[in-house]
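Examination of the molecular architecture
Below are the chains, spelled out letter by letter.
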Amino acid sequence: MSDEPSRSSENPRPGSDDTENGDAGMDDVRSDDVPAGDDGESPDSITEGSLLRPLFGLAWPIVVIQLLQVTYNVVDTLYLGRLSAEAVGAVSLAFPLIFLLIAVAGGFTTAGAILVAQYTGAEGDESAGLVAGQTMTTVSVLSVFIGVGGYLYTRPALGLLPSDPETAATVIPLAADYMEVIFLGIPLMFGFFVFSALMRGYGDTRTPMAVMFISVLLNVVLDPFLIFGFEANPLFGWLAAFPGVAALDPVAVESALFAATGFTGYGIEGAAFATIVARGVATGIGLWVLFATELGPAVALADLRPDLGFVEDIFRLGLPSSVEQTTSAMAMITLTAMVVTFSPPVVAAYGLGNRLISLVFLPAMGLGRAIDTMVGQNLGANRADRAGRAVRVAATTGAGVMFLVAVVAVSFTEPIVGAFLGDVPDAPETVAYAVEYVRIRSVEFAFIGVSQVILGAFRGAGNTKTAMVISILTLWVGRVASVAVLVFVAGWGTTGIWVGMAVGNVLGAAVGVAWFARGTWTGRYIADPAPDVDPAAED
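The present account deals with the structure reproduced in this document. (Residues numbered from 1 in each chain as written. Predicted model: local features only at pLDDT ≥ 70, side-chain atom pairs only at ≥ 80, totals over all residues. Heavy atoms only, no water.)

1. What about the overall build of the protein?
Looking only at helices and strands, the protein features 19 helices and zero strands. Scored against the burial criterion, the 539 residues of the protein give a buried share of 51%. Long-range pairs, those at least 24 residues apart, make up 82% of the contacts in the protein with a sequence separation of at least 6. As displayed, the protein has an accessible area near 22,400 Å², and 67% of this comes from carbon and sulfur atoms. (Helix = DSSP H or I, 4+ residues; strand = E, 2+ residues; numbered from the N terminus. Buried < 20%, exposed > 50% of the residue type's maximum accessible area, 1.4 Å probe, protein only. Contact = heavy atoms within 4.5 Å. Areas by Shrake-Rupley, 256 points an atom, 1.4 Å probe, with all protein chains shown as cover.)

2. Brief notes about the pattern of salt bridges
As enumerated under the stated definition, the model contains 10 salt bridges in all. Overlapping salt bridges, with partners in common, bring together Glu48, Arg383, Asp385 and Arg389 in one network. (Salt bridge = Lys/Arg side-chain N within 4 Å of Asp/Glu carboxyl O.)

3. As for a nonpolar patch on the surface
Together, Val144, Val148, Tyr151, Leu152, Tyr153 and Leu184 line one region of the surface with nonpolar side chains, adding up to about 630 Å² of accessible area. Of all the elements, helix 4 (residues 125-159) adds the most residues to the nonpolar patch, at five residues. Mapping Tyr151 onto the fold places it in helix 4. (Patch = residues over 30% accessible without salt bridge, like charges linked within 9 Å, V, L, I, M, F, W, Y side chains within 5 Å.)

4. Some thoughts on the environment of Ile114
Within the element layout of this structure, Ile114 appears in helix 3 (residues 85-121). Exposure remark for Ile114: the relative accessible area of 4% places this residue in the buried category. Sequence separation between Ile114 and Tyr525 is 411 residues, and the spatial gap between their C-alpha atoms is 8.9 Å. Not counting chain neighbours up to four residues away, the residues in contact with Ile114 comprise Leu317, Arg459, Gly460, Gly462 and Thr464.

5. Here's the deal with the packing of helix 6 (residues 186-202) against helix 11 (residues 268-292)
The interhelical angle for the contact between helix 6 and helix 11, taken along N-to-C directions, is 40°, at an axis separation of 7 Å. Comparing their axes, helix 11 and helix 6 come out oblique. The interaxial crossing formed by helix 6 with helix 11 has left-handed handedness. Listed contacts from helix 11 to Leu188, Met189, Gly191, Phe192, Phe193, Phe195, Leu198 and Met199 of helix 6 are Thr275, Ile276, Arg279, Gly280, Ala282, Thr283, Gly286, Val289 and Leu290. Considered class by class, the residues forming the contact of helix 6 with helix 11 number 11 nonpolar, five polar and one charged. (Axes fitted to C-alpha atoms, helices over the stretch in contact; angles between N-to-C directions. Parallel < 35°, antiparallel > 145°, perpendicular 65-115°, else oblique. Left-handed = near helix turned anticlockwise from the far one by under 90°. Nonpolar A, V, L, I, M, F, W, Y, C, P; charged D, E, K, R; others polar.)

6. Comments concerning the nonpolar core
Counting 66 residues, the largest nonpolar core has Ile98, Leu115, Tyr178 and Ile182 as its most contacted members. When contributions to this core are tallied by element, the ones reaching two or more residues are helix 2 (52-83), helix 3, helix 4, helix 5 (165-184), helix 6, helix 7 (206-228), helix 11 and helix 12 (308-339). No other element matches the 13 residues that helix 3 contributes to this core. Excluding its chain neighbours within four sequence positions, the residues that come into contact with Leu115 are Val131, Asp313, Ile314, Leu317, Tyr525 and Ile526. In terms of nonpolar packing, the next biggest core, distinct from the first, is built from 32 residues, Ala384, Val391, Ala394 and Ala395 among them. (Core = buried A, V, L, I, M, F, W, Y, C linked by side-chain atoms within 4.5 Å.)

7. What about helix 12?
The first and last C-alpha atoms of helix 12 sit 45 Å apart over 32 residues, in line with the 46 Å expected at 1.5 Å per residue. Roughly 35° is the biggest bend found in helix 12, and it falls at Gly318, with proline Pro320 one to four residues downstream. (Expected span 1.5 Å × (residues − 1). Bend = angle between axes of the 7 residues up to and from the residue.)

8. A closer look at empty space enclosed by the protein
To find leftover empty space, one rolls a probe the size of a water molecule over the atoms. Taken as a whole, this structure holds one cavity of 30 Å³ or more when the rule is applied. Approximately 40 Å³ is the volume found for the largest cavity. Around the largest cavity sit Thr110, Ala113, Ile114, Ala117, Arg200, Gly201, Asp372, Thr373 and Arg459, which together line it. Ranked by residues supplied to the lining of the largest cavity, first place goes to helix 3 with four residues. When its residues are assigned to classes, the lining of the largest cavity shows three nonpolar, three polar and three charged. (1 Å grid on protein atoms, 1.4 Å probe; cavity = no way out; pocket = protein on both sides within 12 Å on 5 of 7 lines; lining within 4 Å. Points joined across faces, edges and corners; volume = space filled by probe spheres on them.)

9. Focus on the packing of helix 17 (residues 445-460) against helix 18 (residues 464-489)
Helices that pack against each other are described as a pair by the angle of their axes relative to one another and the distance between those axes. Close contact between helix 17 and helix 18 brings their axes to 7 Å; oriented N to C, the two are set at 155°. Between helix 17 and helix 18, the angle is such that the two are roughly antiparallel. Mapping the contact onto sequence places Leu455, Phe458 and Arg459 in helix 17 and Thr464, Thr466, Ala467, Ile470 and Ser471 in helix 18. Its residues placed into classes, the contact of helix 17 with helix 18 shows four nonpolar, three polar and one charged.

10. Things to note about the packing of aromatic side chains
All told, the structure shown has 14 aromatic pairs when counted by the stated rule. Centre to centre, the rings of Phe263 and Tyr266 are 5.3 Å apart; their planes meet at 70°, and the pair counts as edge-to-face. With relative accessibility at 24%, the residue Phe263 sits in the partly exposed group. The class for Tyr266 is partly exposed, based on a relative accessible area of 45%. In this structure an aromatic cluster arises from ring pairing among Phe225, Phe230, Phe236, Phe263, Tyr266 and Phe273. (Phe/Tyr/Trp six-rings, centres within 6.5 Å; stacked < 30°, edge-to-face > 60°.)

This is how it looks when you write it as structure tokens:
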């Protein structure tokens, strides 16, 4: 498979760099043709000056956004856990199925980020705004189809899942109630995803972080009221425990509100409504930022009118990313299916370990998403040499940071894992398995840092097919196949699960670095933007 983006085979891309430029070293991560701050350049310029400042300036808000997303999930679980254990199980069951469909459109937001980054680097401001508008239109149409289809087929799809009679009677209906509301609100959820991706491509990750904070805060406020209403709402009981607030007698306030309204909440559907409203507000703010401020690419209403050339580009770049995300979701479902053949403590340890490792994963993911903007804008500015140096700096930094995280994880695994489990049945056995799992997985932490950066580099260059292939190898060969062979063929038991999971990113990093070293990724995807010319139409 060629690393070159599809457009390069159709017509030469004016101004694209020779592939040998990608082999430039990184002896000096600051020296460039124009010093930082000269000629009007910002010290945080992505295409001039320092590499480290813009890299970390892009990365840390992305990490915060993901931590805020974790807060979203924790708050939902916290309140639903006070509703019933079945409600928690229903959301856990619903999430992979919802994510599977969200992944279908998720790749197209990646395509928008790539194109915006390259046009921004090429100083094609009007083209960046146009592609932003086209991305919004394309994903909006897709989200409507996914939302309607998901709503209509939620219950039939859940009915196909093998489940015991008790689960079918209690958990499955709750999962269906939750999923139907989410699918009806999918367009509002996708709106924020698109806004965040477009702003990242433009080089602004702080504004989406601020919008995400508002959204999470709104979700935290809405959740207890939409789930419980004013009857047995745990929020009022918690408020009564605070000395200053207790004087207001929150429980009496709740009783008065219930007497006046009779509102008992919507149960699990209330959690879904809170999510949709919070995401909808974030989408509204995002649209205001794009259309009414100068913070992001300049988008006009006329840019929303479908342009087939740009839509084709979005699909060409986005489809591999959609396949990548969809197959990733399917791989995780397959791994879960293999793990559940073991005893409950093993299953619990697997889930607990994955939650901890997902937090460890955040710095690497932040660098990976930052580097796709760095590569995209520098290739757009015909700076393949600088793009190559940025990737090497990010990969080295990512590996170093993740190695330090691995040392901490190995040194303090038991107290960290033990803090998440109280005095519950099977706790000692679960902790023992989880400790073994995290320690074995820590071997791959440095490789996670490298693989995420390399994948981000390929995406930023428009080589989404290459990123797709490496991700599929990482998950399906490195993890799924390894776990299957070690557990069911070699007979390694639970250790086979832990070791098999660790193989994935080691393989992904090795393949990614070898592919990157070929230097065939350095040609930019876009043609040179020209005034009053639709760049996509040049094909």
